[in-house]
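Spelled out, the chains give:
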Amino acid sequence: CRMPSTSQGISKERTPSKASPAGTRAKVAAKDAAKRKPVAASPDAPTPNDKKPKKTPASGAEPRKRKAGATPAGKAAAPAEPSPAPKKSKKSAASSAPAPAASAASAPAAAASTPPARPSPFAAGATAGPSACVGKLAREQVERAVEALRAYASSKSSGELVGEDACLSVVLATKRMPKTATGAKAVKPRLLTLPHPWRTLDQTELCLIVKDPQRAVKDRCAAERITAKVIGIEKLKKKYVPFESRRRLRGAYDFFAADERVLPLLPKLLGSEFYKSNKLPLPLNLKRKVLRDSLERAVGGAILRPSHGTCVSLACASTAQSTADAADNVLAVVEKVVARTPGKWQNVHAIHLRTVNSAALPIYNAI
């Protein structure tokens, strides 16, 4: 047989066979049809149109009850139909006709049987008088404490009307520590006026510390019949330097007052032990025309001294006073001290009433 030439074989292998366009389109259509052909689904497989089966309660379990007034979702609650009014017969109408007249006749009798309301002491237009309570402090409790302390003082007294044991002091304790005062406020007491002075100027041993010259103040005291010891600054610097002399000065007098112009000099001249006691000098304006009125008001009032702790003590009454007057003074002092306390009644822990040598009787305790 005869073999084909090399050139003819190579040319036949390199030249690809050209397919007709119709054949190519037929092959592509066949592939697409094979992809789109649905797969036979198994009988157990779920279809997309199938709905989820509803849960049925177990045997013996009670079905859920719908709440009263609840409506299914998507449905508005139907308005309740008004119940028809009951028809009244002529007899019932006739029997119910005289009811208003009977109720009107019984109204005065009911008003007469009920007691009249007690007017409040804090109502508008009420007359001024001792209140039943101040804040959270009851007047009845204060009066019982005053009577108990008066009975104790009378059993221990030695015949004096107003002595050291007969002084009634209010002790107020707070929950939080106060801010430490600095400068002039740390040594400056404040005078709280009282409705009933608990001591008089003639019954009090008084000491006045004044600015030099002291002779002018001595002449005024003699003219107004005021019995007082007058000490100038120069005399205080020279005579009362030793500690023992300062202690004797503190124990010799019941009340100390000082000219407000020399008050900043006194802490260094009197010493720290003098200021730890309750005899801190009260600043006064000695330039007033009538000196006796200022001293009477200061001696008969209560003195609020700066405190460095949670306890404040103020002498405000005596057992020589009546129970009502002493209770008025206690209530007035508590009201003014609480008004100056940060936090007011929320910061008050307890209030007691006592004499110098007696037990402290509680008149208020925070819950």
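Look up: the structure comes first, before these words.
Rules and cut-offs
- Residues numbered from 1 in each chain as written.
- Predicted model: local features only at pLDDT ≥ 70, side-chain atom pairs only at ≥ 80, totals over all residues.
- Heavy atoms only, no water.
- Helix = DSSP H or I, 4+ residues; strand = E, 2+ residues; numbered from the N terminus.
- Buried < 20%, exposed > 50% of the residue type's maximum accessible area, 1.4 Å probe, protein only.
- Contact = heavy atoms within 4.5 Å.
- Areas by Shrake-Rupley, 256 points an atom, 1.4 Å probe, with all protein chains shown as cover.
- Arc of directions from axis to C-beta.
- Pairing = 2+ DSSP bridges.
- Axes fitted to C-alpha atoms, helices over the stretch in contact; angles between N-to-C directions.
- Phe/Tyr/Trp six-rings, centres within 6.5 Å; stacked < 30°, edge-to-face > 60°.
- Parallel < 35°, antiparallel > 145°, perpendicular 65-115°, else oblique.
- Left-handed = near helix turned anticlockwise from the far one by under 90°.
- Nonpolar A, V, L, I, M, F, W, Y, C, P; charged D, E, K, R; others polar.

### What to know about the overall build of the chain
And step 1. Summing up its helical and strand segments, the chain has 12 helices and 12 strands in all.
And step 2. The proportion of buried residues among the 367 residues of the chain is 29%.
And step 3. For the chain, contacts bridging at least 24 residues in sequence account for 72% of all contacts bridging at least 6.
And step 4. Surface summary for the chain: the accessible area is close to 26,200 Å², and the carbon and sulfur share equals 56%.

### Notes on the side chain of Asn329
And step 1. Structurally, the position occupied by Asn329 is in helix α12 (residues 323–340).
And step 2. Residue class for Asn329 comes out buried when judged on its relative accessible area of 0%.
And step 3. Those residues within four positions of Asn329 in sequence are excluded, and the remaining contacts are Leu194, Pro195, His196, Trp198, Cys316, Ala317 and Gln321.

### Some remarks on helix α11 (residues 291–299)
And step 1. Buried within α11 are the following residues: Leu291, Ser294, Leu295, Ala298 and Val299. Within α11, the buried residues cover an arc of 125 degrees as seen down the axis, which keeps them to one side.

### Brief notes about the sheet that holds strand β10 (residues 311–318)
And step 1. Read from one edge to the other, the open sheet built from four strands follows the order β10-β3-β11-β12, with strand pairing classed as antiparallel. Each having just a single partner strand, β10 and β12 (361–365) make up the two edges of the open sheet. Along the sheet, successive strands turn relative to each other by an average axial angle of 20 degrees, direction set aside.
And step 2. Bridge count for strand β3 (residues 167–174) against strand β11 (residues 348–354) is six bridges, and the pairing is antiparallel. Looking at β11, one finds that Ala173 is bridged to Ala350.

### Here's the deal with the packing of aromatic side chains
And step 1. Under the definition given, this model contains three aromatic pairs.
And step 2. For the ring pair Tyr253 and Phe256, a centre distance of 6.0 Å and an interplane angle of 80 degrees mean the geometry is edge-to-face. For the pair formed by Tyr253 and Phe256, the shared burial category is buried.
And step 3. Where Trp345 meets Tyr364, the ring centres are 5.3 Å apart and the plane angle is 75 degrees; that geometry is what we call edge-to-face. Separated by 19 residues along the polypeptide, Trp345 in the loop between α12 and β11 and Tyr364 in strand β12 bring together distant segments of the chain. In this structure, Trp345 and Tyr364 share a single accessibility class: buried.
And step 4. Following the ring pairs from residue to residue traces out a cluster consisting of Tyr253, Phe256 and Phe274.

### Concerning the sheet that holds strand β6 (residues 228–232)
And step 1. Read across the open sheet, the four strands follow the order β6-β5-β7-β8; overall the sheet is parallel. Of all the strands in the sheet, the pair left with one neighbour each is β6 and β8 (282–284). This sheet shows a mean twist of 30 degrees between the axes of neighbouring strands, independent of strand direction.
And step 2. As judged from the five bridges shared by strand β5 (residues 206–210) and β6, these two strands associate in the parallel manner. For Ile209, the partnering residue across the bridge sits in β6 and is Ile231.

### Things to note about unusual backbone geometry
And step 1. Following Asp212, the chain continues to Pro213 via a peptide bond in cis, the omega torsion being 0 degrees.
And step 2. Residue Arg225 is not a glycine yet carries a positive backbone phi of 60 degrees.
And step 3. Along the chain, Arg225 falls in the loop between α6 (215–223) and β6.
And step 4. Judged by relative accessible area, which is 74%, Arg225 ranks as exposed.
And step 5. Of note, Lys344 is a non-glycine position whose phi angle comes to about 55 degrees, a positive value.
And step 6. In this structure, Lys344 sits in the loop between α12 and β11.

### Thoughts on the packing of helix α5 (residues 139–156) against α12
In a pair of packed helices, the angle between the axes and the distance between the axes together describe the arrangement.
And step 1. Remark: α5 packs on α12, axes separated minimally by 9 Å, with the N-to-C direction vectors making an angle of 120 degrees. The angle between the axes of α5 and α12 places the two elements in the oblique class. Classified by chirality, the crossing of α12 by α5 is right-handed. Note on element contacts: α12 touches α5 through Thr323, Ala324, Ala326, Ala327, Asp328, Val330 and Leu331, opposite Arg139, Val142, Glu143, Val146, Glu147 and Arg150.
And step 2. Of the residues contributing to the contact of α5 with α12, the split by class is seven nonpolar, one polar and five charged.

### A look at the side chain of Thr319
And step 1. With respect to the helices, strands and loops of the structure, Thr319 is situated in the loop between β10 and α12.
And step 2. In this view, Thr319 contacts Leu149, Arg150, Ala153, Ala166 and Leu168; residues no more than four positions away in its chain are not counted.

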